[in-house]
Amino acid sequence: MAMVTKLAPDFTADAVMPDNTFAKISLSDYRGKYVVLFFYPMDFTFVCPTELIAFDRQFEAFKKLNAEVIAVSVDSVYSHFAWKSMEPKEGGIGNVKYPIVGDISKKISRDYDVLLDDSVALRGLFLIDKGGVIRHQVVNDLPLGRNIGEALRMVEALRFFEEHGDVCPANWQQGEDGVVADARGIADYLAKH
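First, a word on scope: everything that follows refers to the structure included in this document.

About the cut-offs
- Residues numbered from 1 in each chain as written.
- Predicted model: local features only at pLDDT ≥ 70, side-chain atom pairs only at ≥ 80, totals over all residues.
- Heavy atoms only, no water.
- Salt bridge = Lys/Arg side-chain N within 4 Å of Asp/Glu carboxyl O.
- Helix = DSSP H or I, 4+ residues; strand = E, 2+ residues; numbered from the N terminus.
- Buried < 20%, exposed > 50% of the residue type's maximum accessible area, 1.4 Å probe, protein only.
- Arc of directions from axis to C-beta.
- Contact = heavy atoms within 4.5 Å.
- Pairing = 2+ DSSP bridges.
- Axes fitted to C-alpha atoms, helices over the stretch in contact; angles between N-to-C directions.
- 1 Å grid on protein atoms, 1.4 Å probe; cavity = no way out; pocket = protein on both sides within 12 Å on 5 of 7 lines; lining within 4 Å.
- Points joined across faces, edges and corners; volume = space filled by probe spheres on them.
- Nonpolar A, V, L, I, M, F, W, Y, C, P; charged D, E, K, R; others polar.
- Patch = residues over 30% accessible without salt bridge, like charges linked within 9 Å, V, L, I, M, F, W, Y side chains within 5 Å.
- Areas by Shrake-Rupley, 256 points an atom, 1.4 Å probe, with all protein chains shown as cover.
- Core = buried A, V, L, I, M, F, W, Y, C linked by side-chain atoms within 4.5 Å.

Details of the pattern of salt bridges
Side chains that carry opposite charge are capable of pairing whenever their charged atoms lie near each other. In the structure shown here, the tally under the stated rule is 12 salt bridges. With a shortest N-O distance of 3.4 Å, Arg159 and Glu163 are connected by a salt bridge. One end of the pair is Arg159 and the other is Glu163, both in helix H5 (residues 148–164) and 4 residues apart, which spans about a single turn. Among the residues examined, Arg159 registers a relative accessible area of 22% and is labelled partly exposed.

See below:
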């Protein structure tokens, strides 16, 4: 189900924090910041660690854009902690710098409509704006890892639109001009490209 333009379902859940402590976090705690909320199927699998580590490698780039990264799977926080405690060369993910939420009840996955066969979450990604509204979503099937650079680009595009009012055309990249959202603006843009 498309959730874009809707208020992101709030949740309060246990998470393993960047310092490896356990804490309850609420999505509403992040109001005033962009949130990249991503779901993955489960710990100790094959595609999932590549994504979690890729998000960690881009963590500072997200932070510079005032964007928080939060991961969610149907595993417990104890499983997340064990996975974080292992180095990648041993099958773990190492000490990633963002919270990993335990959705053992599967309620969060259901609320975001990414739960597959009442079992595991699909690879859903939701970009939530500073007011709590979902502005972008993408959902991949289990074998298809996502592009973290594209998630970062979408945060940049949303920020650009909010700051300048211009819309971002296909393949827009940070540093490029946007398009004035009227007939003349699109005509000018297409004439140049």
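Considering helix H3 (residues 77–84)
Of the positions making up H3, those classed as buried are Val77, Ser79, His80, Trp83 and Lys84. In an axial view of H3, the angular spread of the buried residues amounts to 155 degrees, which keeps them on one side of the axis. Buried-residue contacts for H3 involve strand S1 (12–16), strand S2 (22–26), helix H1 (48–57), strand S4 (67–73) and strand S5 (100–102).

Side note on the sheet that holds S1
Pairing is mixed in the open sheet, where 7 strands are placed in the order S2-S1-S5-S4-S3-S8-S9. The open sheet is flanked by S2 and strand S9 (134–140), the only strands paired with a single partner. Taken pair by pair, the neighbouring strands of this sheet meet at an average axis angle of 30 degrees, ignoring direction. Here strand S3 (residues 34–39) runs beside S4; their pairing, made up of 6 bridges, is parallel. Bridge pairing in S4 places Tyr34 opposite Ala67.

Section: unusual backbone geometry
For Phe44, which is not glycine, the phi torsion reads 60 degrees and is therefore positive. Tracing the chain through its elements places Phe44 in the loop between S3 and H1. With a relative accessible area of 40%, Phe44 lands in the partly exposed category. Of note in this structure, Asp113 is not a glycine but carries a positive phi near 60 degrees. Its place among the elements puts Asp113 in the loop between helix H4 (107–111) and strand S6 (115–116). On the basis of relative accessible area, Asp113 is assigned to the partly exposed category, the value being 40%.

Quick notes on empty space enclosed by the protein
Over the atoms rolls a probe the size of a water molecule, and in doing so it shows where empty space is left. Tallying each qualifying case throughout the model produces 1 cavity of 30 Å³ or more. Computed from the structure, the largest cavity encloses a volume of approximately 50 Å³. Among the residues forming the lining of the largest cavity, the class breakdown is 4 nonpolar, 2 polar and 4 charged.

A few points about a nonpolar patch on the surface
Side chains of Phe22, Tyr78 and Phe81 sit close together on the surface and give an oily, nonpolar patch of about 340 Å² of accessible area. Within the secondary structure, Phe22 is located in strand S2. What makes Phe22 partly exposed here is its relative accessible area of 42%.

Section: the nonpolar core
Counting 27 residues, the largest nonpolar core has Phe38, Tyr40, Leu52, Phe55, Phe62, Tyr98 and Ile100 as its most contacted members. Going through the elements one at a time, S3, H1, helix H2 (59–64), S4, strand S8 (123–128) and H5 are the ones with two or more residues in this core. Top contributing element to this core by residue count: H5, with 6 residues. Counting residues in each nonpolar core, the second largest holds 23 residues, with Ala15, Leu27, Val101 and Ile134 among its members.

By themselves these figures say nothing about function.
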